[in-house]
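Coordinate inspection notes
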Amino acid sequence: MIAIGPGPLFPPAFSSFRPGEVKWLLADYSALSLERPASIREVDIQSGRAHYAEDLPIEVMPTMRHTDLFDRAMRRNAALIAACVSTLAGRIAAEVADSSVVVVSLARAGVPPGIWVSYELSKAWGKQVDHYAVSIVRDRGIDMRAMAWIAAHHDPANVIFVDGWTGKGTIRRELTQSLAELDRLGIRIPDRLAVVADPAHVADMAGTTDDILVPTACLNSTSCGLVSRTVLPQAVAPRHSYHGARLYPEFAASDRSRDVVDCVTAKLGGARRGVATGDVRDRPRGFGSDVARTVAERLGIVRLNLAKPGIGETTRVLQRRVPEVIFVHPDYRGHGDLEHVHQLADDRGSPIRYEDTHPYRCVGVVRWMGQA
């Protein structure tokens, strides 16, 4: 049996989103000191001395130039994202016949898409929506206690998992494995992943399979309620606690979280015919890793685990890891969706090379730190 965790945390006490937009099934680790420099973390992660989810990279307030890049990306792509969200919500509404839908966002990148999808399911499809954010971590799986809480309070058949984008399909595989384990323990939750952009072709439902910029990738906590990436600090956290996160209230002056919600929801009413991209549920599982492996071989990347394909994952490399090089498809040289990638690469001193990264627009490569 899985012990059911406590109830959720709510905004505005936890996160800067509005009340009712999301319920966080996380532990609040704001009082813990969890940050370490990226270079030290990278050596420990690559050597196996530490897991990346045991602590956090040092997060800093974005510069005015960086925030301006985000603002421009949000204005430029809001209508496109709204069209994708509209398509995605329609597929979810068709998938869940019940009048109630339980949207479970994969924190933290999945939270803004979860809010957009919840809004559209309610407004356009008349669904009663409960929206939760839970943590899922590579090699650690989804937060079992959080899922046990959801299963105890809702019909598990109505659960849909939501994320922003796919890269190599790693989280897709973690989700499938975690839900199989929950099934063995008697908690049966459908394995259904819905994403805004699915260039890896591993989701069950997607707004588009193109590698588009979901603008929230441009920023860290300041586009996601001032909440950190989720963390499992096993050395200092209570043994049976939820996965957790910390808040960054000191970044409030740069917070764009409510703008993220409003820019897209304002466009949804006129986007309800969406972007017809075809269903992806017939794609074989593992398709994403096969494509990523092919791209890595084409680019001469020896260690597949250090290759992070797609706009969203490339951005994360530049924000959180120690980047070695950024590959950009020549067709997207100077494209607005990669403006922030060029800026971040310049800030980090990372070279950009123009190579064939299809079907991704770019691929970020983490520096190998020479550890065994």
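In case you missed it, the structure is sitting above this.
The structure contained in this document is the topic of the report that follows. (Residues numbered from 1 in each chain as written. Predicted model: local features only at pLDDT ≥ 70, side-chain atom pairs only at ≥ 80, totals over all residues. Heavy atoms only, no water.)

Here's the deal with the pattern of salt bridges
- If you walk through the whole model with that rule in mind, you get 28 salt bridges.
- Here Asp-44 ties to Arg-49 by a salt bridge, and the two come within 3.0 Å at their closest N and O atoms.
- By relative accessible area, Asp-44 is classed as buried at 13%.
- Across the pair Arg-65 and Asp-347 runs a salt bridge whose closest N-O atoms are separated by 3.3 Å. Taken as a pair, Arg-65 in helix α2 (residues 64-95) and Asp-347 in helix α9 (residues 339-348) lie far apart in primary sequence, 282 residues in all.
- A cluster of three or more residues bridged by salt bridges with shared partners is formed by Arg-36, Arg-41, Asp-44, Arg-49 and Asp-55. (Salt bridge = Lys/Arg side-chain N within 4 Å of Asp/Glu carboxyl O. Buried < 20%, exposed > 50% of the residue type's maximum accessible area, 1.4 Å probe, protein only. Helix = DSSP H or I, 4+ residues; strand = E, 2+ residues; numbered from the N terminus.)

Section: the packing of aromatic side chains
- Following the criterion strictly, the structure yields four aromatic pairs and no others.
- Between Phe-17 and Trp-24, the ring centres sit 6.5 Å apart and the planes meet at 20 degrees, which makes this aromatic pair stacked. Of the two residues examined, Phe-17 and Trp-24, each falls in the buried class.
- Between Tyr-132 and Trp-149 the ring centres are 5.6 Å apart and the planes differ by 65 degrees, which places this aromatic pair in the edge-to-face class. One end of the pair, Tyr-132, is in strand β6 (residues 128-137); the other, Trp-149, is in helix α4 (residues 144-153), with 17 residues separating them in the sequence. In this pair, the class of Tyr-132 matches that of Trp-149, namely buried.
- Ring pairs connect the aromatic residues Phe-14, Phe-17 and Trp-24, which therefore count as one cluster.
- In this structure, Arg-303 packs its charged tip against the face of Trp-368, placed 3.8 Å from the ring centre.
- A cation over an aromatic ring shows up here: Arg-333 above the ring of Tyr-354, its NZ or CZ 3.7 Å from the ring centre. (Phe/Tyr/Trp six-rings, centres within 6.5 Å; stacked < 30°, edge-to-face > 60°. Lys NZ or Arg CZ within 6 Å of the ring centre and 35° of its normal.)

Remarks on the sheet that holds strand β12 (residues 307-309)
- Across the sheet, which stays open at both edges, the four strands sit in the order β12-β15-β13-β14 with mixed pairing between neighbours. The two strands at the open ends of the sheet, each matched to only one other strand, are β12 and β14 (352-354). Direction aside, the axes of adjacent strands within the sheet are offset by 20 degrees on average.
- Across three bridges, the pairing between β12 and strand β15 (residues 362-366) is antiparallel. Within the sheet, the bridge partner assigned to Pro-309 lies in β15 and is Val-363.
- Packed onto the sheet, helix α8 (residues 311-320) meets β12, β13 (323-328) and β15 and runs at close to 30 degrees relative to β15. (Pairing = 2+ DSSP bridges. Axes fitted to C-alpha atoms, helices over the stretch in contact; angles between N-to-C directions. Contact = heavy atoms within 4.5 Å.)

Digging into the nonpolar core
- Core analysis: the largest hydrophobic core is formed by 43 residues, its most contacted members being Ile-81, Ile-92, Leu-121 and Ile-160.
- Of the residues forming this core, the biggest block, eleven residues, is contributed by α2.
- When near neighbours in sequence (up to four residues on either side) are disregarded, Leu-121 contacts Ala-89, Ile-92, Ala-93, Val-101, Val-103, Gly-126, Lys-127 and Val-129.
- The next biggest cluster of nonpolar side chains, apart from the first, holds 34 residues, and it includes Ala-27, Met-147, Ile-187 and Tyr-242. (Core = buried A, V, L, I, M, F, W, Y, C linked by side-chain atoms within 4.5 Å.)

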